[in-house]
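Survey of secondary and tertiary structure
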There are 2 protein chains.
Amino acid sequence: MSDYKIILPESEIPTHWYNIAADLDEPFAAVLAPNGQPATADDLSAIFPDALIEQEMSTERWIEIPDPVREVYKLWRPTPLFRAHRLEQRLGTPAKIYYKNESSSAAGSHKPNSALPQAYYNKQSGRTRLTTETGAGQWGSSIAWAGQMFGLEVMVYMVKVSYDQKPFRRSMMHTWGAEVVASPSDLTAAGRAQLAINPDTSGSLGMAISEAVEDAASRADSSYTLGSVLNHVLLHQTIIGQEAIKQFELAGDYPDVIFAPCGGGSNFAGVAFPFLADKAAGKSVELVAVEPSSCPSLTRGHFAYDFGDTAGLTPMMLMYTLGHDFVPPGIHAGGLRYHGTAPQLAQLVERDLIKAVAVDQIPTFEAGVIFAQTEGIIPAPESNHAIRAAIDEALRCKESGEEKTIFFNLSGHGHFDMFSYDRYFSGELEDYPLPQSAIDEALEHLPKT
Amino acid sequence: MSDYKIILPESEIPTHWYNIAADLDEPFAAVLAPNGQPATADDLSAIFPDALIEQEMSTERWIEIPDPVREVYKLWRPTPLFRAHRLEQRLGTPAKIYYKNESSSAAGSHKPNSALPQAYYNKQSGRTRLTTETGAGQWGSSIAWAGQMFGLEVMVYMVKVSYDQKPFRRSMMHTWGAEVVASPSDLTAAGRAQLAINPDTSGSLGMAISEAVEDAASRADSSYTLGSVLNHVLLHQTIIGQEAIKQFELAGDYPDVIFAPCGGGSNFAGVAFPFLADKAAGKSVELVAVEPSSCPSLTRGHFAYDFGDTAGLTPMMLMYTLGHDFVPPGIHAGGLRYHGTAPQLAQLVERDLIKAVAVDQIPTFEAGVIFAQTEGIIPAPESNHAIRAAIDEALRCKESGEEKTIFFNLSGHGHFDMFSYDRYFSGELEDYPLPQSAIDEALEHLPKT
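Residues numbered from 1 in each chain as written. Chains lettered and ligands numbered in written order. Predicted model: local features only at pLDDT ≥ 70, side-chain atom pairs only at ≥ 80, totals over all residues. Heavy atoms only, no water.

What about the relation of the copies chain B and chain A?
Superposing chain B onto chain A takes a rotation of 180° combined with a translation of 0.0 Å along the rotation axis, leaving an RMSD of 0.0 Å. On the angle and the small slide along the axis, the relation comes out as a two-fold axis. Considering only C-alpha atoms, the part of chain B nearest the rotation axis is B:His415, at 3.3 Å. A shared binding surface is used by both copies, with 100% of the interface residues of chain B retained as interface residues in chain A. (Least-squares fit on C-alpha atoms with pLDDT ≥ 70 in both. Contact = heavy atoms within 4.5 Å.)

As structure tokens, this is what we get:
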């Protein structure tokens, strides 16, 4: 049997991030400040260093990766591209299935790809401390590790329900030297106000963002960091797709269809954008973002300006949204529980360059177990969404006899999500089909621009 | 900076296991049956397939790895050899530090290296079901996965205290299709007898072995599997050292000293034995087994015939032992809580071909945190023992100015051991220096041969 892993040497770690903003027929829509005017660098400088603001607004095609960042990437990158021979055999499909293993980072997902440069540029700017929020804990872990790599203090506001239910993600952040507090906390005005109203609240991602932003804005030594949605985060993730293109060359193959899970959109964009450049150059490839049916922003949301956070503190961005105050059902793929999507990604979906599908929770776990039982790695609940879609495609090929090449991104492992697998095995998981009324209602909550 | 990872292609996975029994001036001492006579293949055939019994007794130098086993090895092997640049920098040592990352298997440790061939040979022999015991859960996870790979049912007797305290290792085994019961259980006579005496017992590894052996012996379709100690298990692990030798050639370097954690001895032997063959051929290399000071069989135990299990069901083996009824203190490196050592390893220590050192628990966690904060990966508590010894050696080099090449085996990751890290950070961990009286007392419990 041919190789399972297509591996590149460290010298093949990309030297530049790919900026899709350089390659559009029509530019992305402007981000709007609270006054309704296009946001400026000044609007962002209180919480981000200049280098990241430049990347956020850049239309340069290639942005050089600083050497110290590439040095840390070398600890686990390039990540292997796997040919999923055993999964193919189990399914009895004529399709070929490949996956990129982004779970092989220390933090267990693709998130360090952006956490590291964010830490680096902040260090360069003279700041000594990072703040962030975390829900499921993947991003908090990654920024904790990145802070440790570049010598920055890290303060993580962790949604209280996760703080209580996922103590081992918390331990991981402690091991890398970060401070972790349950949000809402009494450390910020936003947190204290929330606690005064509802002392027993279990917190929310929106609340934790408010605390992390307030903390960073109130201290000259601190910056806020975000793990998805923003242009510079998507930019940093493009090393995934760039590596994959080289690996498919080595394999003598090329994907017909690519799946990646989609919440905020950073891992999907990281895989898809370099292939989209290929597509613009004439290659034939279908790009499919896979989202939960309980939080179907791309497939059923409104294409409109909305805030990135629940409290409405961020600038307004043109995206697919379920409304910034939409509270997604309690699915276990915490990383996909986001009301909107990265504006770049949303606008490419709107232009029909990228497709989207939604899948139910229970079938995603079924797919994850099939994957674990064939390929070994136990996937994160987020990744199970891409696996579900890839398996469905492979089964369609079995029906039709097509020998498609299917590629998906294994964005993370599930070692800190076994509680969710337990609930799947014991039959306690639910699907949450979203009633149309909830989506209609969101229209009334969109900000006026 | 030079490469971090030295990676071999899949074609360089060893084609044979290395059998050290072929290369001795003086053969290993015989294993003794209950009657005091050398044990025969017949004594083992109730619970092991013929192929494994042959390997247990073989003096052939190279034993071919079956293709179907090498095919599964390809899912994660060869494992990378890392140059620990960042750890060296943190320590300010002139020494070079390398580690082999055996944590990269699906189960998270080196254990699948033997679980897979054990499952394979059982399948070949026509058996359809495997039994085993597990304490920390590393071995149980590996045999669960191996059973899934080769289409065998798996029954794991998990020490009750672990069953309750490490639910996520249990979930992992379920995901790979294994049945897991708390031991003692009411499924075996041994378990029922124990429960009758003490219904609230938290169980023990010795008890769980008794149940797994009784289960396998009582059913024609079932075999018992063991994760360490036996010759064939050590044999299977020698792919670690063989790969490392090739990787050091690529790096243009060679270790002066090698450290690996040592409980039963399989991961240590897997690294050390191929280098010992090099040493016999004239290379200069020091091999050091690192054990916990709370369970110091190699450094303070008796060199004598003893049973492999608490209940005295196994044949008697010549080993370093603290007495088969010794109950090690409750350290968090569950994989090192074993009263004895693999007889092959013990006899090589006795012949001064291998050294041993013992380290306290708290300094091992301190070392693990330094490693996590520099190299990223959070190590298993067992692996922290090797890291402690490697760091101590590197610090000695800093004092002396020596530019030694230090190599250790990172036998597993700590993703399912974060509770132990929490206890370290909160100051709840203890060291357990063992009083000499406990060791003296063991003399009275050794079997008469």
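Observations concerning the interface of chain B and chain A
Interface size, as often reported, equals the accessible area lost upon joining of the parts. If you look at the interface, chain B gives 42 residues, while chain A gives 42 residues. It is B:Leu75, B:Thr175 and B:His415 that lose the most area in chain B upon contact with chain A, and together they represent 17% of the buried surface on that side. Linking chain B with chain A are 2 salt bridges. Here B:Lys5 and A:Glu10 are joined by a salt bridge, their closest N and O atoms 3.2 Å apart. Across the chain B-chain A interface, the total number found is 21 residue pairs in polar contact (both at pLDDT 80 or more). Put simply, the parts of the chain that give the side of chain B that touches chain A at least two residues each are α3 (67-73), α4 (85-91), α6 (138-150), α8 (167-175), α16 (361-375) and α18 (418-425) of chain B. In the side of chain B that touches chain A, the residues fall into 22 nonpolar, 10 polar and 10 charged. (Buried area = accessible area lost by both parts, 1.4 Å probe. Salt bridge = Lys/Arg side-chain N within 4 Å of Asp/Glu carboxyl O. Polar contact = N/O pair within 3.5 Å; in protein donor to acceptor, adjacent residues only side chain to side chain. Helix = DSSP H or I, 4+ residues; strand = E, 2+ residues; numbered from the N terminus. Nonpolar A, V, L, I, M, F, W, Y, C, P; charged D, E, K, R; others polar.)

Quick notes on the sheet that holds strand β7 (residues 153-159) of chain A
Residue and element names in this part refer to chain A. On the basis of which strands lie adjacent, the open sheet formed by 4 strands has the order β8-β7-β6-β9 and parallel pairing. The open sheet is flanked by β8 (179-183) and β9 (222-224), the only strands paired with a single partner. The sheet shows a mean angle of 25° between the axes of neighbouring strands, taken without regard to direction. (Pairing = 2+ DSSP bridges. Axes fitted to C-alpha atoms, helices over the stretch in contact; angles between N-to-C directions.)

Description of the sheet that holds strand β9 (residues 222-224) of chain B
Sheet strands line up and pair through hydrogen bonds in the backbone, either parallel or antiparallel. Residue and element names in this part refer to chain B. Strand order in the open sheet formed by 4 strands is β8-β7-β6-β9, with parallel pairing between adjacent strands. Sheet topology places β8 (179-183) and β9 at the edges, where each strand pairs with a single neighbour. Taking the axes of each pair of neighbouring strands and ignoring which way they run, one obtains an average angle of 25° across the sheet. Strand direction decides the pairing type here: strand β6 (residues 129-134) and β9, joined by 3 bridges, are parallel. Residue pairing in the sheet places Leu130 in a bridge with Ser223 of β9. Together, β6, β7 (153-159) and β8 form the strand contacts of α8, whose direction differs from that of β7 by roughly 170°.

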